[in-house]
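Observations on the model geometry
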Amino acid sequence: MVVDIPPPKRRALGFRRVRTVHDLQPRLDVSPAGRRMGSDGVYLSPLRQLTTNILDTYRICNPQFRYESAHNPRRVLTKPSKPAHNDGYDNDDYDYILYVNDWLGTEEGHKYLILDILGQGTFGQVVKCQNMKTHEIVAVKVVKNKPAYFNQSMMEVTILELLNKSCDPNDEHHILRLRDSFIHRSHLCLVFELLSSNLYELIKQNQFQGLSTQLVKVFMAQLLDAMTVLKEARLIHCDLKPENILLKSLQSPQIKVIDFGSACHERQTVYTYIQSRFYRSPEVLLGMSYTASIDMWSLGCIAVELFLGLPLFPGTSEYNQLTRIIDMLGLPPLSMLNTGKQTNQFFDVWETYNPQANQTEKNYRIKSLEQYSREHNTNEQPGKQYFKATSLPEIINTAPMPTSKSARSAHEIEKELNNRAAFIDFCQGLLNLNPVTRWTPQQARLHPFITGEKYTKPFVVRYSMGRLEHLT
Ligand SMILES: Nc1ncnc2c1ncn2[C@@H]1O[C@H](COP(=O)(O)OP(=O)(O)OP(=O)(O)O)[C@@H](O)[C@H]1O
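Residues numbered from 1 in each chain as written. Predicted model: local features only at pLDDT ≥ 70, side-chain atom pairs only at ≥ 80, totals over all residues. Heavy atoms only, no water.

Some thoughts on the pairing of strand 11 (residues 347-354)
Under the convention used in this document: Two strands qualify as a pair provided DSSP detects at least 2 bridges between them. By definition, any uninterrupted DSSP run of H or I lasting at least four residues is a helix, any uninterrupted run of E lasting at least two residues is a strand, and each is numbered from the N terminus.
Bridge count for strand 11 against strand 12 (residues 359-366) is 8 bridges, and the pairing is antiparallel. Considered in strand 12, the bridge of Glu351 is made with Lys362. Between strand 11 and strand 12, which pair antiparallel and follow one another directly, the connecting turn spans 4 residues, one of which, Asn358, has a positive phi of 50 degrees.

Structural notes on the packing of helix 7 (residues 213-232) against helix 9 (residues 293-308)
We apply this condition: Only the stretch in contact is used when fitting a helix axis, every axis being a line fitted to C-alpha atoms; angles between N-to-C directions are given from 0 to 180 degrees. Here the word oblique covers every angle except those under 35 degrees (roughly parallel), over 145 (roughly antiparallel) and from 65 to 115 (roughly perpendicular). Here a crossing is taken to be left-handed if its near helix is turned anticlockwise relative to the far helix by less than a right angle, and right-handed if that turn runs clockwise. In this analysis, two residues are considered to be in contact whenever any of their non-hydrogen atoms come within 4.5 Å of each other. Note that Gly is not counted as nonpolar here; it falls among the polar residues with everything else outside the nonpolar set of Ala, Val, Leu, Ile, Met, Phe, Trp, Tyr, Cys and Pro and the charged set of Asp, Glu, Lys and Arg.
Viewed as axis vectors pointing N to C, helix 7 and helix 9 meet at an angle of 165 degrees, and their least axial separation amounts to 10 Å. Put simply, helix 7 runs roughly antiparallel to helix 9. For the pair helix 7 and helix 9, the crossing hand works out as right-handed. Judged by residue contacts, Thr213, Val216, Phe219, Met220, Leu223, Leu224, Met227 and Leu230 of helix 7 engage Asp295, Met296, Leu299, Ala303, Leu306 and Phe307 from helix 9. Looking at the contact of helix 7 with helix 9, its residues break down into 12 nonpolar, 1 polar and 1 charged.

Things to note about empty space enclosed by the protein
Cut-off, in case you're wondering: Of the two site types, the cavity is a set of points on a 1 Å grid over the protein atoms alone where a 1.4 Å probe fits but cannot get out, and the pocket is an open set with protein on both sides within 12 Å along at least five of seven lines, each lined by residues with an atom within 4 Å of a point. Grid points are joined across faces, edges and corners, and a volume is the space filled by probe spheres set on the points.
In the structure shown here, the tally under the stated rule is 1 cavity of 30 Å³ or more. Around the largest cavity sit Met227, Leu230, Lys231, Leu235, Ala292, Ser293, Asp295, Met296 and Pro441, which together line it. Elements with a minimum of two residues in the lining of the largest cavity: helix 7 and helix 9. Looking at the lining of the largest cavity, its residues break down into 6 nonpolar, 1 polar and 2 charged.

A word on the UniProt feature "binding site: ATP" (unreviewed entry) in the chain
As a reminder, the rule being used: UniProt positions are given in the numbering used here, feature names are shortened, and annotations may be inferred rather than shown by experiment. For the purposes of these results, a polar contact is taken to be a pair of N or O atoms within 3.5 Å, where, inside protein, one atom must be able to donate a hydrogen and its partner to accept one; residues adjacent in sequence count only when each atom of the pair is a side-chain atom.
Within this numbering scheme, the UniProt entry marks Lys141 as carrying the feature "binding site: ATP" (unreviewed entry). By the secondary structure assignment, Lys141 is in strand 4 (residues 137-143). In this structure Lys141 touches Gln125, Val126, Glu156, Leu188, Cys189, Leu190, Phe192 and Asp259, once residues within four positions along its chain are discounted. Within the structure, the side chain of Lys141 is placed 3.1 Å from the side chain of Glu156, a separation counted as a polar contact.

Description of the side chain of Arg177
Put simply, the rule reads: Only protein chains enter the accessibility calculation, which uses a 1.4 Å probe. A residue is then buried if its area is under 20% of the maximum for its type, exposed if over 50%, and partly exposed in between.
Looking at the secondary structure, you find Arg177 in the loop between helix 5 (147-167) and strand 5 (178-184). Note on Arg177: relative accessible area 11%, which makes it buried. A distance of 3.4 Å separates the side chain of Arg177 from the backbone oxygen of Asn164, its partner in a polar contact. Looking at Arg177, its side chain comes within polar contact range of the main-chain oxygen of Asp168, at 2.7 Å. Ignoring anything within four residues of it in the chain, the contact list for Arg177 reads Asn164, Asp168, Pro169, Asp171, Val191, Phe192, Glu193 and Lys256.

Overview of the environment of Glu283
Of note, Glu283 is situated in helix 8 (residues 282-285). Overall, Glu283 belongs to the buried group, its relative accessible area being 0%. As for Glu283 and Asn344, which are separated by 61 residues in sequence, their C-alpha atoms are 14 Å apart. Setting aside residues up to four positions removed in sequence, Glu283 forms contacts with Met288, Ser289, Tyr290, Ser293, Ile294, Met336, Leu433, Pro435 and Arg438. At 2.8 Å, the side chain of Glu283 forms a polar contact with the side chain of Arg438.

Observations concerning the sheet that holds strand 2 (residues 112-120)
Ordered by their spatial adjacency, 6 strands build an open sheet running 1-2-3-4-6-5, and the pairing between neighbours is antiparallel. With one partner strand each, in any of the chains shown, strand 1 (103-104) and strand 5 form the two edges of the open sheet. Two elements, strand 3 (residues 124-131) and strand 4, share 7 bridges in a ladder whose sense is antiparallel. Within strand 4, the residue paired with Cys129 across the bridge is Val138. Sheet contacts for helix 5: strand 4, strand 5 and strand 6 (187-193); angle to strand 6, the most-contacted strand, approximately 30 degrees.

Quick look at the packing of helix 7 against helix 15 (residues 410-430)
Working note: a packed helix pair is described by the angle between its axes plus the distance between those axes. Running from N to C, helix 7 and helix 15 point in directions that differ by 35 degrees, and their axes come no closer than 11 Å. Viewed along their axes, helix 7 and helix 15 form a crossing whose handedness is left-handed. The residues of helix 15 that touch helix 7, namely those facing Thr213, Val216, Met220 and Leu224, are Glu416, Asn419, Arg420, Phe423 and Phe426. Taken together, the residues of the contact of helix 7 with helix 15 sort by class into 5 nonpolar, 2 polar and 2 charged.

Comments concerning the site of the ligand
Worth spelling out the cut-off: Nearness of a residue to a molecule or strand requires only that one of the residue's heavy atoms be within 4 Å of it. Shrake-Rupley sampling with a 1.4 Å probe provides the accessible areas, and residues are treated as covered by the protein chains on show and by no other component. A pocket or cavity is taken to hold a molecule when more than half of that molecule's atoms are within 2 Å of the pocket's grid points. As annotated, the domain borders come from an automatic or database domain assignment.
Lining the immediate surroundings of the ligand are 21 residues, of which Thr122, Phe123, Glu193, Leu195 and Asp259 lie closest. Here Leu195 contributes a backbone N or O atom positioned 2.9 Å from a nitrogen atom of the ligand. Expressed as a share of its isolated accessible area of 620 Å², the protein-covered part of the ligand is 90%. The site holding the ligand turns out to be the largest pocket. For the shell around the ligand, the class distribution of residues is 10 nonpolar, 5 polar and 6 charged. Both domain 1 (71-193) and domain 2 (199-395) contribute no fewer than three residues apiece to the shell around the ligand.

In structure tokens form, the structure reads like this:
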């Protein structure tokens, strides 16, 4: 913006009067066609005339000219942008076609100016908006105009309202805040606090080299805090992954858990196809009933991924996911294989007689790639192996050491090795194949990796008389 200070004032401020382009122009008594005069009585240069108070210039050129913001060219944010449903407001995917400078909502205090796109997910689009009353910049999830998405997102509203109002009224537990919700042209809109990059983007920005044990600890402590609140409310997130963990800002390592669109109550675990594949727990893969401990499995996968920079179990199919888990951690306990509704899909099962127990027992062996492909008419591939080592301790211990000069001192190396020993033990407690003995968030929070106590030997937890105890 050019600020025009009239000449006398300029001199008063100590400016020296210099010859300008205007001084060189012949002064005209007759107003030149289409030209505008500045406050100093000099006709503006074409550059000024076309860059300052442009509406005046337009009106001089065309007295009929009327400006209306509605006629501004609108940048479309939604792809595809061809109208297909809902009187032309929605595209073929039932997404609302969003434009920069358009509005969402109509009521006073619930009117949002669309600024930019933030992300796209299964449920709809997330756009950066400004609340026209409070001027707060927010993130608005505009849900697809389909009953299944609408209903599931209503569940997200219910769960977030419960978490925000009853479980975390002071916003202390790293859970996304829901500010408002309303319906706009048949689309449910969820208004959230605006957050920054997600942890996948952070890993990517770090060239997939992994984060320090210290930073992983800072993130995990906050995630365990959020998980404790969820567990106490008997809620399951069901889709924990780096993409659903967002930094509050780029200035500090404060994070928030987002996307409660798949969340459910422990009493209402109706869906079996849940969790993003890389972070899917063995009990879900096997088709067993599940509890909040599925989130702790995902958390284990996330912890290792943050440290390594690459996903621990990047399965290319459910079969591949399960084989990767079994190759690293062994077979799930018999009790799980016996009850899993999907066990027969992945395993060959045969019975043998156990004379000691005087009963027949089931035996399980994971099907070969060829057998599974043949039976399920798929083309299973072994999939990329990102790590040379095969066991979790080895993978963590062979990850490159920090390279800074200070980190190379004998003391710092020793400290890092101790951190890694603690980290391995921590991850193993979360990546326990058995959901019954897998650590709860309350237990995991007491691990030396989180508390910062010196790690000396494997952490053992147990419940006694309903009280949590831990033995190290
Ligand atoms: N509060 C927020 N602030 C900034 N960006 C956000 C916010 N909420 C969501 N986003 C962005 O939008 C993306 C999609 O959001 P979200 O995961 O809630 O949608 P979804 O449709 O439920 O996705 P999914 O396919 O994972 O189920 C996120 O990965 C993130 O990049």
